[in-house]
Amino acid sequence: MADVPRLRFAPSPTGMFHVGGGRTALYNWLYARKHNGQFVLRIEDTDESRNEDQWTDLIFESMKWLGLNWDELHTQSENAQKHADAGRKLFANGNAYYCGCTQDEVRARTADNAKPGYDNHCRNLGLEPGDGRALRFRVPEGQTHVTDLIRGNPVFDNSNIEDFVIVRSTGVPVYLLANVVDDMDQRISHVVRAEEHLNNTPKQMMLWKALGGGDVPVYAHLPLIVNEKRQKISKRRDKVSMQMFRDEGFLPEAMCNYLALLGWSPSDDREIIDLDTMCQEFDFSDVNKAGAFFDLKKLTHINGEYIRKLSNDEFVTRAMPFLERAKGKQFDAALFDEQTFRRMAPLVQERVERLDEVAEMVFFFFVDLPDIDEAALLATKPEQAIPVLESVARGLANCDWNHAALHESVAHTGEGLGLALRKAQAPVRLAVTGRKVGPPLFESMEVLGRDAVLKRIERLVGILHHAS
RNA sequence: GGUCCCAUCGUCUAGCGGCCUAGGACAUCGGCCUUUCACGCCGGUAACACGGGUUCAAAUCCCGUUGGGACUGCCA
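Below, the structure is looked at part by part. Along every chain, residues carry numbers that run from 1 in the direction the sequence is written. Chains carry letters from A onward and ligands carry numbers from 1 onward, assigned in written order. Only residues with pLDDT of at least 70 get local features here, since the model is predicted, and only at 80 or more are side-chain atom pairs given and counted; chain-wide, interface and lining totals rely on the full set of residues. To get the side-chain values, take all heavy atoms of the structure and skip hydrogens and water.

1. A look at the overall build of chain A
Strands are runs of DSSP state E lasting at least two residues, helices are runs of H or I lasting at least four, and both sets are numbered from the N terminus onward. Across its full length, chain A carries 19 helices and 12 strands. What the globule rule says is 2.2 Å times the number of residues to the power 0.38, and the radius of gyration is computed from C-alpha atoms. A compact globule built from 468 residues would reach a C-alpha radius of gyration of about 23 Å, whereas chain A, at 31 Å, exceeds it by more than 25%. Overall, chain A is about 100 × 50 × 40 Å in size when its C-alpha atoms are taken along their principal axes. Note on classification: 1.4 Å probe, protein chains only; a residue is buried when its accessible area is under 20% of the maximum for its type, exposed when over 50%, partly exposed between these limits. The buried share of chain A, reckoned over its 468 residues, is 49%. The Shrake-Rupley method, run with a 1.4 Å probe, gives the accessible areas here. Residue values count only the displayed protein chains as cover. Roughly 22,600 Å² of accessible area belongs to chain A as shown, and the carbon and sulfur atoms make up 48% of that amount. Counting 57 positive and 69 negative side-chain charges, chain A places the averaged centre of each group 3 Å from the other. By the counting rule applied here, Lys and Arg register as positive and Asp and Glu as negative, while His and the ends of each chain are not counted. We put the charge of a Lys on NZ, of an Arg on CZ, of an Asp on CG and of a Glu on CD.

Right, dumping it as structure tokens:
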């Protein structure tokens, strides 16, 4: 058997796929790819009460979106028989025993104990399997040394570990056991997961040994991704669903890049690096130990960088779904025209940090008359704006129709009124785009055409007259 | 409470005993560029949690304190 590393990512389909899972998947993937190893995706679907197919599908979708392909796919449930067999084996060879205590009984007996946990009440009773009896692992004396590529090698004194349940009284094995059996079965060599599992590790190592699994895996416990309160991010509290980021117009390559940076950094001062470069440079010895705050601002910035790096064509392609989504909302579906968008795209590309901002930036091309931003309208003084608009309109009526000529015309008109171009263009922009900021005005006017522009100017003059 | 983990600018980090008057990035604040907004460029503010050691020399090693976190389910 070749000794290529085999890593696995083992998410449970019990809720949305979040950034923590994404980072864990990424690090597993990176290490496997770097060392020509294999990357196993295993769906931990044995929590019947919570798992649903939709969540499993979401895991697949999210992994594909991120570009993290897997070599093997397994489900925990497919190994149910082996999990049960492992429980029987542990009982048969004396490494586990049946316990008839209910959870309430244990709690009542141990409430005042200095050392928490199960009190070994049934440890030497020699109970046979039976109704209401759970199988507990007989924790041996000694110490358990964990080999962790990130945290040195933590040592756990077994005396601090209770005889934990490995098979419920219902006969269903618990995660701790199932997970180990699957890792053995799938010949996993490196277990890379979040730090929250560190305390489980000695238990799993003991199970591994008791089951005769041979060499235990090497571990790597990743720093937690935390919220602003420095607590582990949770699906419930924090807005960290991968799907949400996708829907908001984050690019998967930007997401991967940012996720990689949460606990790791390449050798020099670079930050924007592609997956191939990450693969070459990645190593667990460079992964940080302290928790990392998920900073939306930095993610957003990196996303902007990736958007600007796109070719124009690629940008248009990626933005199209977001424009489709805006049809009937920000603009009229019937008036949308891809060629118009294509002409403006280069100007828009460097002005957005998320793809979902694109529609708002070009909506005024695809409506008959844009709605006028209220705050901007309120800030516009009719007595100043009306003369500008009327003069500009006269100049525009028969000048050449290209952005250079339009620029010159508006600038000239402004000069005549003693206004700098920055002042003169403001009401024109409001008339044409309905906003006070947006893509370059004269290029927009060129694309929009003379009739539309004049119509919009005339319309704003009307509104301003009415307001004054 | 118990076990384990962690600790450099607000944030992500570089640093693995001398190159550190602590570097980069995000954010923030100035300025330049400019038809708005961005982009780009230039510059500023801003950190080694604290206390002991070890050493000629410590952000870097050791111990302690403080602080934070995870786990502590017959969930995964």
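2. Remarks on the protein's contact with RNA strand B
Definition of nearness: a residue and a molecule or strand are near each other if at least one heavy atom of the residue lies within 4 Å of the molecule or strand. Lining the immediate surroundings of RNA strand B are 60 residues, of which Asp 47, Arg 168, Arg 230, Glu 271 and Gly 438 lie closest. When the atoms of RNA strand B within 4 Å of the protein are grouped by moiety, sugar and phosphate amount to 70% of the total. We define a polar contact as two N or O atoms separated by no more than 3.5 Å, with the added condition that, inside protein, one atom must be a possible hydrogen donor and the other a possible acceptor, whereas residues neighbouring each other in sequence contribute only through side-chain atom pairs. One of the side-chain N or O atoms of Asn 200 is found 3.3 Å from a base nitrogen in RNA strand B. The side chain of Lys 232 places a nitrogen or oxygen atom 2.7 Å from a phosphate oxygen of RNA strand B. Taken together, the residues of the surface near RNA strand B break down into 21 nonpolar, 17 polar and 22 charged. Think of it as three bins: nonpolar holds Ala, Val, Leu, Ile, Met, Phe, Trp, Tyr, Cys and Pro, charged holds Asp, Glu, Lys and Arg, and polar takes everything else, Gly as well.

3. Thoughts on the nonpolar core
Grouped burial of nonpolar side chains is what soluble globular proteins tend to show. Nonpolar core, defined: a set of buried Ala, Val, Leu, Ile, Met, Phe, Trp, Tyr and Cys residues in which side-chain atoms within 4.5 Å join the residues together. Within the largest apolar cluster, 105 residues are counted, with the highest numbers of intra-cluster contacts made by Tyr 27, Phe 284, Phe 315, Phe 341, Leu 396 and Met 445. Any two residues whose heavy atoms approach within 4.5 Å are treated as being in contact. Aside from chain neighbours lying at most four places away, what touches Phe 284 is Tyr 27, Tyr 31, Leu 149, Ile 150, Val 192, Ala 220 and Leu 222. Grouped together as the second largest cluster of nonpolar side chains are 36 residues, Val 40, Val 139, Val 191 and Ala 210 included.

4. Brief notes about the sheet that holds strand β5 (residues 134-137)
In space, the 3 strands of this open sheet follow the order β4-β5-β8, with antiparallel pairing throughout. Looking at the sheet topology across the chains shown, the edges are occupied by β4 (96-99) and β8 (165-167). Neighbour-to-neighbour, the strand axes of this sheet turn through a mean angle of 45°, independent of strand direction. Any two strands with at least two DSSP-identified bridges between them are counted as paired. In terms of strand pairing, β5 meets β8 through 2 bridges, oriented antiparallel. Across the sheet, the residue bridging to Leu 135 is Val 167, located in β8. Fitted lines through C-alpha atoms serve as axes, helices being fitted only where they are in contact, and the angles separating the N-to-C directions of these axes extend from 0 to 180 degrees.

5. Some words on the environment of Asp 104
The residue Asp 104 is located in helix α4 (residues 103-110) in this model. A relative accessible area of 56% means that Asp 104 is categorised as exposed. In the structure, Asp 104 is positioned 41 residues away from Met 63 in sequence and 41 Å away in space, judged by C-alpha atoms.

6. Regarding the packing of aromatic side chains
Here a pair means two rings of Phe, Tyr or Trp (six-membered ring of Trp) with centres within 6.5 Å. Their orientation is stacked below 30 degrees between planes, edge-to-face above 60, and tilted elsewhere. In total, this model carries 18 aromatic pairs according to the counting rule given. Plain terms: the ring middles of Tyr 31 and Phe 284 are 5.0 Å apart, the flat faces sit at 35° to each other, and that makes the pair tilted. In this pair, Tyr 31 sits in helix α1 (residues 19-34) while Phe 284 sits in the loop between α9 (275-281) and β12 (292-293), placing the two residues 253 residues apart along the sequence. The pair formed by Tyr 31 and Phe 284 is uniform in burial state, with each residue classed as buried.

7. A look at helix α11 (residues 312-326)
Under the 1.5 Å per step criterion, the end-to-end length of α11 is 20 Å for 15 residues, consistent within 8% with the ideal 21 Å. If you look at α11, its biggest bend is around 35°, right at Met 320, and the proline Pro 321 turns up within four residues after that. Within the sequence span of α11, burial applies to Phe 315, Val 316, Ala 319, Met 320, Phe 322, Leu 323 and Ala 326. Contacts from the buried residues of α11 go to α7 (242-247), α10 (296-309), α12 (338-349) and α13 (358-362). To estimate the expected span of a helix, count its residues, drop one, and scale the result by 1.5 Å. The bend reported for a residue corresponds to the angle between axes fitted to the seven residues ending at that residue and the seven starting there.

8. Remarks on the pattern of salt bridges
For salt bridges, the criterion is a side-chain nitrogen of Lys or Arg within 4 Å of an Asp or Glu carboxyl oxygen. Across all of its chains, the model carries 30 salt bridges by this definition. The partner of Glu 195 in a salt bridge is Arg 151, and the shortest N-O contact between them spans 3.5 Å. With Glu 195 in the loop between β9 (190-194) and α6 (201-210) and Arg 151 in the loop between β6 (143-145) and β7 (155-157), the pair connects residues that are 44 residues apart, well separated along the chain. Residue classification places Glu 195 among the partly exposed positions, given a relative accessible area of 29%.

9. Quick word on α1
Helix length check: α1, at 16 residues, gives a terminal C-alpha distance of 22 Å against a target of 22 Å (1.5 Å per residue), a fit within 8%. A large share of α1 lies buried, amounting to 14 of its 16 residues. Phi turns positive, to about 50°, at Asn 36, one or two residues after α1.

10. Brief notes about unusual backbone geometry
In this structure, Asn 120 is a non-glycine residue whose phi angle is positive, near 60°. Take Asn 120: it is sitting in the loop between α4 and β5. For Arg 187, which is not glycine, the phi torsion reads 50° and is therefore positive. Here Arg 187 is to be found in the loop between α5 (175-185) and β9.

11. With respect to the side chain of Asp 163
Assignment of secondary structure puts Asp 163 in the loop between β7 and β8. Since its relative accessible area comes to 2%, Asp 163 is described here as buried. Within polar-contact distance, the side chain of Asp 163 engages the backbone nitrogen of Val 139 at 2.9 Å. Residues in contact with Asp 163, not counting those within four places in the same chain, are Tyr 97, Tyr 118, Asn 120, Arg 123, Arg 136, Phe 137, Arg 138 and Val 139.

12. Examining the packing of helix α15 (residues 382-397) against helix α19 (residues 450-467)
Axes are the key here: two packed helices are described by the angle between their axes and the distance separating the axes. Taken N-terminus to C-terminus, the directions of α15 and α19 make an angle of 160°; their axes are 10 Å apart at the nearest point. Relative to α19, α15 is oriented roughly antiparallel. Considering only the axes of α15 and α19, their crossing is left-handed. Residues Pro 382, Ala 385, Ile 386, Leu 389, Glu 390, Val 392, Ala 393, Leu 396 and Ala 397 of α15 pack against Arg 450, Val 453, Leu 454, Ile 457, Leu 460, Val 461, Leu 464 and His 465 of α19. Roughly parallel covers angles under 35 degrees, roughly antiparallel covers those over 145, roughly perpendicular covers 65 to 115, and oblique covers all other angles. Should the near helix be turned anticlockwise from the far one by less than a right angle, the crossing is left-handed, and should it be turned clockwise, the crossing is right-handed.

13. Some words on the environment of Arg 187
When its relative accessible area of 41% is taken as the criterion, Arg 187 is described as partly exposed. Along the chain, Arg 187 and Arg 325 lie 138 residues apart, while their C-alpha atoms are 45 Å from each other.

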